[in-house]
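This is what each chain is made of:
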Amino acid sequence: MHRIIAALLAIVIPAAAPLHAQPTAGPAPAASAITDQSFAMPVAGSWSYGATSDGSAAIFFDRNSQPRLRLQCSRAIRRVTLSKPFNAASVPASGGLAVWTSTQSRSLGAGFDAATGRLNAPISNWDPLLDAIAYSRGRFAVAAGGQQPLVVPAWGDISRVIEDCRA
């Protein structure tokens, strides 16, 4: 009897997906996918968390104290924005950011803000990608326009920003 049940379950329940992050199916903004970064060394630097006028932000600074990545919560609209500094002359034509985590990858639509010099990708506060970023195994990566991925450590500052937008 147990064998019959096990055989039926094997037919009904598909095999578990591998733990490797794969790009999600379906249409996505034109941003190149990032290959598996499981063994890539994160950029040396640190995250800094702080309050902003409408929420909070976590900024990753490299070892030269240059801001390389930003996650910002706008509480009024319940949105987290992922931002990467860019020189206006090198902004990718696709306008997208590709994100890799240890459990998922996705391309996000993004727009360049000339006033801040950043390529910004808005993410809904309950989007599972935010959890994937926060709980990625030691690192996650962001890239735009076919450039080399920026691999950064996944620290608790990221979770604080996400929780600020969910509270």
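Residues numbered from 1 in each chain as written. Predicted model: local features only at pLDDT ≥ 70, side-chain atom pairs only at ≥ 80, totals over all residues. Heavy atoms only, no water.

**A few points about the side chain of Asp164**
Locating Asp164 in the fold gives a position in helix H3 (residues 156-166). For Asp164, the side chain forms a polar contact with the side chain of Tyr49, separated by 2.5 Å. In contact with Asp164, not counting residues within four places along its chain, are Tyr49, Ser56, Cys73, Arg75 and Arg78. (Helix = DSSP H or I, 4+ residues; strand = E, 2+ residues; numbered from the N terminus. Polar contact = N/O pair within 3.5 Å; in protein donor to acceptor, adjacent residues only side chain to side chain. Contact = heavy atoms within 4.5 Å.)

**Section: the sheet that holds strand E2 (residues 55-62)**
Strand order across the open sheet formed by 6 strands is E1-E2-E3-E4-E8-E7, with antiparallel pairing between neighbours. Looking at which strands have only one partner, the edges of the open sheet turn out to be strand E1 (45-52) and strand E7 (111-113). Pairwise comparison of adjacent strand axes, ignoring direction, gives a mean angle of 25 degrees for this sheet. Two elements, E7 and strand E8 (residues 118-124), share 3 bridges in a ladder whose sense is antiparallel. Across the sheet, residue Asp113 finds its bridge partner in E8, namely Arg118. (Pairing = 2+ DSSP bridges. Axes fitted to C-alpha atoms, helices over the stretch in contact; angles between N-to-C directions.)

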